[in-house]
Amino acid sequence: MKKPILEQSELEELGFNFLGRNPLDNGDFFRWWSFRKNDSEIHITYEFNKKNEFISGYVDFNCEKLKGRLLTKKDIQLLIEIM
């Protein structure tokens, strides 16, 4: 992912819970959010450098990283509806 799929306010509007900001090497850090429904779980993680610039991000669904094409806001909304 080259840029965040959703802004923090959009994640909160969809019902995601902010799980925190944790450090990585060299002053970099990540932020992550979680959404749970019907025994399923989505985690969205964004990584930033020490200048607070977005580096990368990924989406996990039930502990499996979603790979392939770039996900959009509509993809996340559809996944929530399916859950």
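Check the entry above for the structure.
In this text the structure is predicted, and so the values were computed from the model without any measurement. (Residues numbered from 1 in each chain as written. Predicted model: local features only at pLDDT ≥ 70, side-chain atom pairs only at ≥ 80, totals over all residues. Heavy atoms only, no water.)

### Regarding the environment of Asn17
Moving on, step 1. With respect to the helices, strands and loops of the structure, Asn17 is situated in strand β1 (residues 17-23).
Moving on, step 2. The spacing of Asn17 and Arg36 is 19 residues in sequence and 9.1 Å in space, taken between C-alpha atoms.
Moving on, step 3. Residues within four places of Asn17 in sequence aside, it is in contact with Trp32, Trp33 and Ser34. (Helix = DSSP H or I, 4+ residues; strand = E, 2+ residues; numbered from the N terminus. Contact = heavy atoms within 4.5 Å.)

### Observations concerning the pattern of salt bridges
Moving on, step 1. For the structure shown, the criterion picks out three salt bridges.
Moving on, step 2. Lys73 is the partner of Glu10 in a salt bridge, and the nearest nitrogen-oxygen pair spans 3.3 Å. Separated by 63 residues along the polypeptide, Glu10 in helix α1 (residues 8-14) and Lys73 in helix α2 (residues 73-82) bring together distant segments of the chain.
Moving on, step 3. Lys73 sits in the partly exposed class, given a relative accessible area of 33%. (Salt bridge = Lys/Arg side-chain N within 4 Å of Asp/Glu carboxyl O. Buried < 20%, exposed > 50% of the residue type's maximum accessible area, 1.4 Å probe, protein only.)

### Structural notes on the packing of aromatic side chains
Moving on, step 1. Evaluation of the coordinates by the stated rule reveals six aromatic pairs.
Moving on, step 2. Ring centres of Phe48 and Phe54 lie 5.9 Å apart, and the angle between their planes is 80°; this geometry places the pair in the edge-to-face category.
Moving on, step 3. In this structure Phe48 comes out as buried when scored by relative accessible area, which is 8%.
Moving on, step 4. Three or more aromatic residues link up through ring pairs in this structure, and these residues are Phe18, Phe29, Trp33, Tyr46, Phe48 and Phe54.
Moving on, step 5. Above the face of the Phe29 ring, Arg21 is positioned so that its terminal group lies 3.6 Å from the ring centre.
Moving on, step 6. For Arg31, the ring lying beneath its charged end belongs to Phe48, and the centroid distance is 4.8 Å. (Phe/Tyr/Trp six-rings, centres within 6.5 Å; stacked < 30°, edge-to-face > 60°. Lys NZ or Arg CZ within 6 Å of the ring centre and 35° of its normal.)

### As for the side chain of Glu41
Moving on, step 1. Within the secondary structure layout, Glu41 lies in strand β3 (residues 40-48).
Moving on, step 2. A polar atom in the side chain of Glu41 sits 3.3 Å from the side chain of Ser34.
Moving on, step 3. Ignoring sequence-local partners within four residues, the contact set of Glu41 consists of Ser34, Phe35, Arg36, Asp60, Phe61, Asn62 and Met83. (Polar contact = N/O pair within 3.5 Å; in protein donor to acceptor, adjacent residues only side chain to side chain.)

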